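Report on the structure
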Amino acid sequence: AMRLVLLVLVAATAAATATATARDAESCSAATQECSGAVETSYSPELGHCGPRLPPLTVPTQGAADVEAFTLEGRTYLAVACHRNSTSNAVDVDSVVFRWDAATSTFVAAQYIPTHGAADWEFFQLRDGNVERSFLVVANNRDARYNYEIDSVLYEWAADAYGSGSAAGGGFVERQSLPTRGAWDWEFFRIGELQFLVVANVRGNNGGSGDVDSVVYRWEAEAGKFQPVQHIPTWSAMDWEHFRVGDDRDFLVVANNFQGGKYEVDSVVYQWDAAQARFERFQNLSTVGARDWESFRIAEHSYLMVSCYRDSAGAYDLDSGLYRWAAEHDAFQAVQHLPTHGGSASKHFTLQAGRHLLAVANFLGVGASSNAESVIYEWESDAADPAAQPGFVTLQQLPTQSAFDWAAFEIAGRRFLALANFMAAESTIYQWNG
């Protein structure tokens with residue numbers, strides 16, 4: 001029986017006000033969260049005690065295309081990629097790194113970073129000899145002149161960085177510019193001692209056919225920077241996902257969104273060839289307007305979930321697909337279809353007692369409205385009937401506004417989901433109340 005333990009909306013416009021700073025009218029601005037009403041208390045079986053529920057909370061954003069949660073020096077951060085100003089549609093706007101403030105139980109703006117149509121942030125920690133260095137890299141999609149062939153930028157954490165708009169306590173400073181073409185996503189990964197970044201390029205300046213290479217970069221310690229090592233043909237690539245099958249097989253899968261006027265274009269799985277030190281095509285997967293891949297494991301099985309946005313006829317009510325690795329066929333096979341409405345992204349996360357959840361972001365609602373319901377699914381299998389097919393079932397539906405991306409994270413034992421709302425003036429944080 002499904003347990004009636006749901007995600008509680010921690011952020012609500014009616015319960016929290018955000019006063020934007022006047023620093024930049026076209027930036028993804030900071031805000032002071034003034035929360036009204038008494039702090040509620042409730043029993044949390046997960047925490048095992050009665051305690052205060054966090055006050056209502058949102059973070060002010062504009063054109064939020066991505067939210068990246070990470071922990072650094074014991075503090076929790078959210079980096080939000082602000083793609084455009086919600087009023088003027090200007091794309092040369094600041095994106096913001098927010099920091100959790102335990103005293104007020106809110107996220108506060110820690111640093112503004114100039115970006116150009118930002119579509120993604122990727123946080124990673126790089127091993128450089130005996131030193132671990134922390135980085136953020138932004139995918140800059142285009143500038144105000146519709147120039148897609150612009151640099152994306154790699155930033156490094158500096159504990160003593162007090163300039164560049166950062167608050168006391170450290171900040172990110174620019175380390176390297178990386179040439180990209182309509183960049184939409186970055187993925188960092190390791191294979192043995194090798195450390196890589198791969199960018200998903202959507203388009204160049206020579207038209208929107210989608211035929212553009214994406215690029216794999218490798219960290220070169222002697223040069224102290226990332227160097228391009230492989231170009232991979234892609235078609236309006238919007239996401240890369242690295243994953244491993246077994247102990248020694250490394251793969252990349254790309255979400256190909258559009259090719260030559262059609263959204264019906266295969267996405268591709270590539271396998272790492274250690275002898276050639278490059279990725280080779282391994283398997284084509286049939287997708288429609290693919291925007292995102294999510295990889296995860298449940299028990300001994302490896303899964304891939306694709307989010308499908310739209311088809312060539314303009315329909316957004318599409319099935320997105322779940323694939324499982326079939327060792328006997330040495331390939332991924334489709335095992336479940338989940339209905340999506342402008343599917344933008346999914347995020348797998350776990351709760352206590354081995355519960356597996358999947359948050360699916362729906363960009364559009366009924367009649368192509370930005371008011372859509374996104375869905376939290378829970379993995380369900382019948383241990384009493386081994387023949388029964390396991391799969392995801394609906395646990396909860398959440399009202400969202402042009403949902404674009406999810407981030408799952410934990411603070412002091414509390415589980416959260418942050419959602420990037422593209423068309424809203426704020427993005428939302430949900431708390432697990434179970």
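Calculation notes
Residues numbered from 1 in each chain as written. Predicted model: local features only at pLDDT ≥ 70, side-chain atom pairs only at ≥ 80, totals over all residues. Heavy atoms only, no water. Core = buried A, V, L, I, M, F, W, Y, C linked by side-chain atoms within 4.5 Å. Buried < 20%, exposed > 50% of the residue type's maximum accessible area, 1.4 Å probe, protein only. Helix = DSSP H or I, 4+ residues; strand = E, 2+ residues; numbered from the N terminus. Pairing = 2+ DSSP bridges. Axes fitted to C-alpha atoms, helices over the stretch in contact; angles between N-to-C directions.

A closer look at the nonpolar core
Inside soluble globular proteins, nonpolar side chains tend to come together where they are buried. By size, the foremost hydrophobic cluster in this structure holds 30 residues, and its most contacted members are Leu78, Phe107, Phe409 and Ile429. For this core, the secondary-structure elements that each account for two or more residues are β7 (64–72), β8 (75–82), β9 (92–101), β10 (106–116), β31 (403–411) and β32 (414–421).

What to know about the sheet that holds strand β19 (residues 237–245)
Pairing is antiparallel across the open sheet formed by four strands, whose spatial order is β19-β20-β21-β22. Where the open sheet ends on each side, the last strands, each with one partner, are β19 and β22 (278–285). Within this sheet the neighbouring strands show an average axis-to-axis angle of 25 degrees, counted without direction.

A look at the sheet that holds strand β27 (residues 343–351)
Overall, antiparallel pairing links the four strands, which are arranged β27-β28-β29-β30 in an open sheet. Strands with a single pairing partner mark the edges of an open sheet, and in this sheet they are β27 and β30 (391–401). Averaged over neighbouring strand pairs, the angle between their axes works out to 20 degrees when direction is ignored. As paired elements, β27 and strand β28 (residues 355–362) share eight bridges and run antiparallel to each other.

Focus on the pairing of strand β17 (residues 211–220)
Direction of pairing for strand β16 (residues 194–201) relative to β17: antiparallel, over a ladder of four bridges. Note that in β17 the partner of Val198 across the bridge is Val216. Counting the residues that bridge the hairpin from β17 to strand β18 (residues 225–235) gives four residues, and of these Gly224 lies at a positive phi of roughly 70 degrees.

As for the pairing of β9
Most of β9 sits out of view: eight of its 10 residues are buried. One ladder, built from four bridges, connects β8 with β9; its direction is antiparallel. What sits directly across from Tyr77, in β9, is Arg99. Sheet topology places β9 next to β10; 10 bridges connect them, and they run antiparallel. Paired with Ser95 across the two strands is Ile113, which belongs to β10. The hairpin formed by β9 and β10 contains four residues between the paired strands, and Ser105 there has a positive phi angle of roughly 55 degrees.

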